[in-house]
Amino acid sequence: KQEVTQIPAALSVPEGENLVLNCSFTDSAIYNLQWFRQDPGKGLTSLLLIQSSQREQTSGRLNASLDKSSGRSTLYIAASQPGDSATYLCATPPRTSYGKLTFGQGTILTVHP
Amino acid sequence: NAGVMQNPRHLVRRRGQEARLRCSPMKGHSHVYWYRQLPEEGLKFMVYLQKENIIDESGMPKERFSAEFPKEGPSILRIQQVVRGDSAAYFCASSLPKTDVNTEAFFGQGTRLTVV
C-alpha cells in the first residue's frame, strides 16, 4: 500500500526566500507524481506533473524533481511571495490506476511580507 | 472545454437526511474518481467509476455511501442518513481512458458538506 509523506508539515518564511518542500513515497511503481496547491476552503490547483520517466518539470518560479529509486520528490519555489501562501500537496497514482491518487498530508506554507 | 463541474459547491444537511453530490466530468472523459477530505486530514480516495460501472470502491465506507455514473448525466455520490462525521469536502476528478503516457486526472472545485 502506497504511503506518501510530506515534510515539513508547516513552513513560515520571509518574502523573497527560496524554499524546498519534500515529498516521499514508499512504492516506486508510480505512474506519475503531481504537486497541487490548495487555498483555504478552496479546490485543488494542479501545479506540476512529472511522468515516471521524467526527472523534473518547471513552471515559472516552480521546479519539481522526481527520484523514483529513492522514493522522493521535491518542489522548489524561487523568490517566494506572500501570494504563494497555501497548502501544497503531493500525490501519486499507481501504474495500474492512474486516477487513484494517494495524497500526502500537505505542507502549509506561509510567506510573510 | 469546461473543467470538471461539481454542484452544489456548498451543501447543508440535518442529521438523518440524504446528501446528493453531483459531478460532471470534462467533455470526453469517461472515468470519474471521488475523494473525501475530512477536516484537518488529507484527501482520501473513495471510488473509481467508468460509465455504468464501479471499478474500485475500496475507499468507500461500507454503509450509507453509494456512487453511480450513469450512461447519461453526471456522476452522483449519495450519502444516506448523514451524520456529523460526514462533514467534509468531497472532490471529484475525471480522466480520459488511458491512451498514452500523459493521461492525468483533473479535479473539480469540490462540494463542502456540512451536517448540522
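Residues numbered from 1 in each chain as written. Chains lettered and ligands numbered in written order. Predicted model: local features only at pLDDT ≥ 70, side-chain atom pairs only at ≥ 80, totals over all residues. Heavy atoms only, no water.

Colleague: Describe the overall build of chain A, listing the residues and the values that go with them.
Modeller: Assigned secondary structure in chain A consists of zero helices and eleven strands. Ordering the α and β elements of chain A from the N terminus gives β-β-β-β-β-β-β-β-β-β-β. Principal-axis analysis of the C-alpha atoms places the extent of chain A at approximately 45 × 30 × 20 Å. Within chain A, contacts between residues at least 6 apart in sequence are counted, and of these 54% link residues at least 24 apart. Distance between charge centroids for chain A: 9 Å, based on 9 positive and 8 negative side chains. (Helix = DSSP H or I, 4+ residues; strand = E, 2+ residues; numbered from the N terminus. Contact = heavy atoms within 4.5 Å. Lys, Arg positive; Asp, Glu negative; His and termini not counted. Charge placed at Lys NZ, Arg CZ, Asp CG, Glu CD.)

Colleague: Residue-level account of the packing of aromatic side chains, with values.
Modeller: Tallying each qualifying case throughout the model produces seven aromatic pairs over all chains. Both rings, one in Phe103(A) and one in Tyr35(B), keep their centres 5.7 Å apart while their planes meet at 85°; by these two values the pair is edge-to-face. Residue Phe103(A) is located in strand E10 (residues 102-103), and its partner Tyr35(B) is located in strand E4 (residues 31-37); the two belong to separate chains. Take Phe103(A) and Tyr35(B): they sit in the same class, and that class is buried. (Phe/Tyr/Trp six-rings, centres within 6.5 Å; stacked < 30°, edge-to-face > 60°. Buried < 20%, exposed > 50% of the residue type's maximum accessible area, 1.4 Å probe, protein only.)

Colleague: Report on the pairing of strand E7 (residues 65-68) of chain B, specifying residues and quantitative values.
Modeller: Residues and elements named next belong to chain B. Going residue by residue along E7, you find Phe65 and Ala67 tucked away on one face and Ser66 and Glu68 left uncovered on the opposite face. Note that E7 and strand E8 (residues 75-79) share four bridges and pair antiparallel. Residue Ala67 lies in a different strand from E8, and its bridge partner there is Leu77. (Pairing = 2+ DSSP bridges.)

Colleague: Residue-level account of the side chain of Arg36(B), with values.
Modeller: Residue and element names in this part refer to chain B. With respect to the helices and strands, the residue Arg36 is situated in strand E4. Within the buried set, Arg36 has no salt-bridge partner at all; the shortest N-O distance to an opposite charge, 4.3 Å, is to Asp86. Setting aside residues no more than four positions away along its own chain, Arg36 makes contact with Gly42, Leu43, Lys44, Met46, Pro61, Phe65, Asp86, Ala88, Ala89 and Tyr90. (Salt bridge = Lys/Arg side-chain N within 4 Å of Asp/Glu carboxyl O.)

Colleague: Any details on the state of the cysteines? Residues and values, ideally.
Modeller: Summed over the entire model, instances satisfying the criterion amount to two disulfides over all chains. There is a disulfide in this structure between Cys23(A) and Cys90(A), and the S-S distance comes to 2.0 Å. Measuring the twist about the S-S bond at about 80°, one finds the Cys23(A)-Cys90(A) disulfide to be right-handed. Of the two residues, Cys23(A) is situated in strand E3 (residues 19-25) and Cys90(A) in strand E9 (residues 86-92); the sequence distance between them amounts to 67 residues. Between the sulfur atoms of Cys23(B) and its disulfide partner Cys92(B) the distance amounts to 1.8 Å. Around the S-S axis, the bridge from Cys23(B) to Cys92(B) shows a dihedral of about -55° and counts as left-handed. Within this pair, whereas Cys23(B) is found in strand E3 (residues 19-24), its partner Cys92(B) is found in strand E9 (residues 88-95), the two being separated by 69 residues in sequence. Both residues of the pair, Cys23(B) and Cys92(B), belong to the buried class. (Disulfide = S-S within 2.5 Å.)

Everything listed here is a matter of geometry and, on its own, says nothing about what the molecule does.
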